[in-house]
Amino acid sequence: MNGLRADVEFRRADFTLRAEFEVAPGEVLAVLGPNGAGKSTLLSVLAGQLVPQHGLVELDGTSCLDTGRGINVPTHRRGVGLLAQNPLLFPNLTALENVAFGPRAVGVRKAEARRIADHWLSEVDADGLAARKPGQLSGGQAQRVALARALAANPRLLLLDEPLAALDVDAAPAIRGLLHQVLRRQEKPTVLVTHDVLDAVVLADRLVVLLDGCIVEQGPTREVLARPKEAFTARVAGLNLVPGVAATDGSISFGDSTISGRIVESLERGEAAAAVFTPAAVAVHRERPHGSPRNAIPVRLAALEPRGDVVRVRGVVRDCSLAADVTPAAVADLELTSDDEVWFVVKAAEVAIHPVSGGSSGA
């Protein structure tokens, strides 16, 4: 398979990373895990910044690393583009010059490099920033320029190292939406490291969960998050994510139902999207409420899980798993048991509508 193939083992005194996976051209693989799981170590090995004791890294069938054959292509010759938490732009160069740096570094003539830079600044909606230096950019603007710089070098592999972690709550949704649009148009394999499950849902086709240096779960993003096998995965998959198709009125179509909410990132009618809301925002009813601007979703109860002061009520609709956090008194009053058919009800103001890649999941 063309794209990325990796099989690495990296050891130090108190830690061992062992990971094997493939990423197809145009596919986005998210690597999710807690601090210390080995996510950044894995990216460093892929980029050539760390050399494992044993390992194989292939891009489009060509070995960048093969410890068995003594192959270790240096970072600058691997064709890897990196977008990190911090933009790391050259402070003395304009945005245009920063983006043109990659093409120039591989011998592209100045005029052509500027044309390439103009193109990518336009692609990330930053063409109006071309003459500014990094000190004149906001955090979101700088990250747009950094993304353009990573793509302008025409990398064979794109690495995203928690690219939204340093952004404020206002800038992050816009950059997440931009990444969604850009990544689905490109044909390179992409590896995204994140600790935010929403990044994985919106951006990634497949998901790898890394714990203590080992891959403990992997598969399509929606499937992994809908049926978590590890406690960590279940904990981070603490959002309800209802997959559907975007409408024009701030809602998505889900089967025969419509779910309304706030459009967080730009969407086109008919685009794959998900309604996202917390279990705490959900009320459970025996009968469908009438005369209220709330979303009502019919579910079949799958499980009741005591969680301290609340009970997590899990329900299934179609192939989507959803959760509601209610009081023990409410469970007793409603006389809830497994296989009951009830309504999960959530206010539109509590629902965020996002574009998705690779599907979404329930909590």
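## Some remarks on the side chain of Asp340
Here is step 1: Mapped onto the fold, Asp340 is located in the loop between helix H9 (328–334) and strand E21 (341–347).
Here is step 2: Of the residues examined, Asp340 reaches a relative accessible area of 16% and is grouped as buried.
Here is step 3: Here the side chain of Asp340 touches Thr337 through a polar contact of 2.9 Å, landing on its backbone nitrogen.

## Quick notes on the pattern of salt bridges
Here is step 1: Under the criterion given, the structure shown has 17 salt bridges.
Here is step 2: As a salt-bridge pair, Asp14 and Arg12 come within 3.7 Å of each other at their nearest N and O atoms.
Here is step 3: Overall, Arg12 belongs to the partly exposed group, its relative accessible area being 44%.
Here is step 4: Linked by salt bridges that have partners in common, Asp7, Glu9, Arg11 and Arg18 make up one network.

## Some details on the sheet that holds strand E19 (residues 310–317)
Here is step 1: Spatially, 5 strands are ordered E17-E21-E18-E19-E20 in an open sheet, and the strand pairing comes out antiparallel. Because the sheet does not close on itself, it has two edges, and the strands there are strand E17 (283–285) and strand E20 (320–326). For this sheet, the mean inter-axis angle between neighbouring strands, taken without regard to orientation, is 45°.
Here is step 2: As judged from the 7 bridges shared by E19 and E20, these two strands associate in the antiparallel manner. When the bridges of E20 are listed, Val311 appears paired with Val326.

So, how was this worked out
- Residues numbered from 1 in each chain as written.
- Predicted model: local features only at pLDDT ≥ 70, side-chain atom pairs only at ≥ 80, totals over all residues.
- Heavy atoms only, no water.
- Helix = DSSP H or I, 4+ residues; strand = E, 2+ residues; numbered from the N terminus.
- Buried < 20%, exposed > 50% of the residue type's maximum accessible area, 1.4 Å probe, protein only.
- Polar contact = N/O pair within 3.5 Å; in protein donor to acceptor, adjacent residues only side chain to side chain.
- Salt bridge = Lys/Arg side-chain N within 4 Å of Asp/Glu carboxyl O.
- Pairing = 2+ DSSP bridges.
- Axes fitted to C-alpha atoms, helices over the stretch in contact; angles between N-to-C directions.

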